[in-house]
Amino acid sequence: GENVEQHPSTLSVQEGDSAVIKCTYSDSASNYFPWYKQELGKRPQLIIDIRSNVGEKKDQRIAVTLNKTAKHFSLHITETQPEDSAVYFCAESNDYKLSFGAGTTVTVRA
Amino acid sequence: NAGVTQTPKFQVLKTGQSMTLQCAQDMNHNSMYWYRQDPGMGLRLIYYSASEGTTDKGEVPNGYNVSRLNKREFSLRLESAAPSQTSVYFCASSPPGQYGYTFGSGTRLTVV
């Protein structure tokens, strides 16, 4: 989407290592920041989200951090496993319509 | 409870042909959305409907029309298909006052 930049576009990590994906946004009114995972040929599925009044949220091996001052948020995956291989999309919204980043293809090497 | 159902799953059209992509949700969601997904570009919003009876343009509406037939159904129409409309189309819905999207399984459209 035009409102969100996502980096890197591809990421290859060794199994067990961590993966970090970063997104930046431009609209200071944005207040909701979800992350979606899309496996090959499947629909995107929400894996974690964060609202603007929270700086960090964690769910098992995944975490999201938000820096509203710098207008960026990041997805952290620890102890990566082969099933983490997928395309990950960040998104942002302030009015229930989501604007998505271009996606990051994550490959976990065994 | 099927969630969000899209039909068809695959379609090949010739340039200039028309077709309608169907989407239905059974979760009593108010808001429905149509996105297209192209390599390296993420998901881009085509049209959305905040509630039954309303529709609005998204980021890339040119060449498309929509109809919110009732609360359950939101269709996307291509009046005269062009090769640039070759894409994967996703329908999604969300409950009132909430951000969480549920996506359909997608329609892979090829225009030749």
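Parameters and conventions
- Residues numbered from 1 in each chain as written.
- Chains lettered and ligands numbered in written order.
- Predicted model: local features only at pLDDT ≥ 70, side-chain atom pairs only at ≥ 80, totals over all residues.
- Heavy atoms only, no water.
- Core = buried A, V, L, I, M, F, W, Y, C linked by side-chain atoms within 4.5 Å.
- Buried < 20%, exposed > 50% of the residue type's maximum accessible area, 1.4 Å probe, protein only.
- Helix = DSSP H or I, 4+ residues; strand = E, 2+ residues; numbered from the N terminus.
- Contact = heavy atoms within 4.5 Å.
- Buried area = accessible area lost by both parts, 1.4 Å probe.
- Salt bridge = Lys/Arg side-chain N within 4 Å of Asp/Glu carboxyl O.
- Polar contact = N/O pair within 3.5 Å; in protein donor to acceptor, adjacent residues only side chain to side chain.
- Nonpolar A, V, L, I, M, F, W, Y, C, P; charged D, E, K, R; others polar.
- 1 Å grid on protein atoms, 1.4 Å probe; cavity = no way out; pocket = protein on both sides within 12 Å on 5 of 7 lines; lining within 4 Å.
- Points joined across faces, edges and corners; volume = space filled by probe spheres on them.
- Disulfide = S-S within 2.5 Å.
- Pairing = 2+ DSSP bridges.
- Axes fitted to C-alpha atoms, helices over the stretch in contact; angles between N-to-C directions.

Some words on the nonpolar core
Counting residues in hydrophobic clusters, the biggest one holds 22 residues, and the most contacted among them are A:Ile21, A:Trp35, A:Phe73, A:Leu75 and A:Tyr88. Residue assignment for this core shows that the elements contributing at least two residues are β2 (10-14), β3 (19-25), β4 (32-38), β5 (45-51), β7 (62-67), β8 (72-77), β9 (86-92) and β11 (104-109) of chain A. It is β3(A) that contributes the most residues to this core, four residues altogether. Core analysis: the second largest hydrophobic core is formed by 20 residues, B:Met32, B:Tyr64, B:Cys91 and B:Leu109 among them.

So, the interface of chain B and chain A
Taken together, the contact between chain B and chain A spans 20 residues of the former and 20 residues of the latter. Taking both partners together, chain B and chain A bury about 1,800 Å²; carbon and sulfur atoms supply 58% of that area. The largest per-residue losses of area from chain B upon contact with chain A belong to B:Leu43, B:Tyr99 and B:Phe103, which jointly make up 40% of the total buried on that side. Counting across the interface, chain B meets chain A through zero salt bridges. Seen at the junction of chain B and chain A, the total is seven residue pairs in polar contact (both at pLDDT 80 or more). Counting only elements with at least two residues in the side of chain B that touches chain A, the list comes to β4 (31-38) and β5 (42-49) of chain B. Ranked by residue count, the leading element in the side of chain B that touches chain A is β5(B), at four residues. Partitioned by chemical class, the residues of the side of chain B that touches chain A number 11 nonpolar, eight polar and one charged.

Describing the pattern of salt bridges
Residues and elements named next belong to chain B. A complete count under the given rule lists seven salt bridges over all chains for this structure. In this structure, Arg36 and Asp38 form a salt bridge, with 2.9 Å as the shortest nitrogen-oxygen distance. Per residue, the accessibility class of Arg36 equals that of Asp38, and both read buried. A salt bridge links Glu79 to Arg77; the nearest nitrogen and oxygen atoms lie 3.1 Å apart. In this structure Arg77 comes out as partly exposed when scored by relative accessible area, which is 29%.

Details of the layout of surface pockets
Estimates place the volume of the largest pocket at around 750 Å³. Lining the largest pocket are 32 residues; nearest its centre among them are A:Gln38, A:Gly41, B:Gln37, B:Val88 and B:Arg108. Breaking the lining of the largest pocket down by element, the ones donating at least two residues are β9 and β11 of chain A together with β4, β9 (87-94) and β11 (107-111) of chain B. For the lining of the largest pocket, the element with the most residues is β11(B), which contributes four residues. Residues that form the lining of the largest pocket fall into these classes: 10 nonpolar, 16 polar and six charged.

Structural notes on the state of the cysteines
Residues and elements named next belong to chain B. Taken as a whole and assessed by the stated rule, the structure comprises two disulfides over all chains. Note on cysteine connectivity: Cys23 is disulfide-linked to Cys91, with sulfurs 1.9 Å apart. When the S-S torsion is -70 degrees, as for the bridge of Cys23 with Cys91, the disulfide is left-handed. Taken as a pair, Cys23 in strand β3 (residues 19-25) and Cys91 in strand β9 lie far apart in primary sequence, 68 residues in all.

What about the sheet that holds β3(B)?
Residues and elements named next belong to chain B. One open sheet accounts for four strands, arranged β1-β3-β8-β7; its pairing is antiparallel. With one partner strand each, in any of the chains shown, β1 (4-7) and β7 (64-68) form the two edges of the open sheet. Adjacent strand axes in the sheet meet at a mean angle of 15 degrees when their direction is disregarded. Note: β7 against strand β8 (residues 74-78), five bridges, orientation antiparallel. What sits directly across from Arg68, in β8, is Phe74.

Observations concerning the side chain of A:Thr80
Residue and element names in this part refer to chain A. Relative to the elements of secondary structure, Thr80 occurs in the loop between β8 and β9. Of note is the side chain of Thr80, whose polar atom sits 2.8 Å from the backbone oxygen of Asp17. In this view, Thr80 contacts Val13, Gln14, Glu15, Gly16, Asp17, Ser18, Ala19, Arg61 and Val108; residues no more than four positions away in its chain are not counted.

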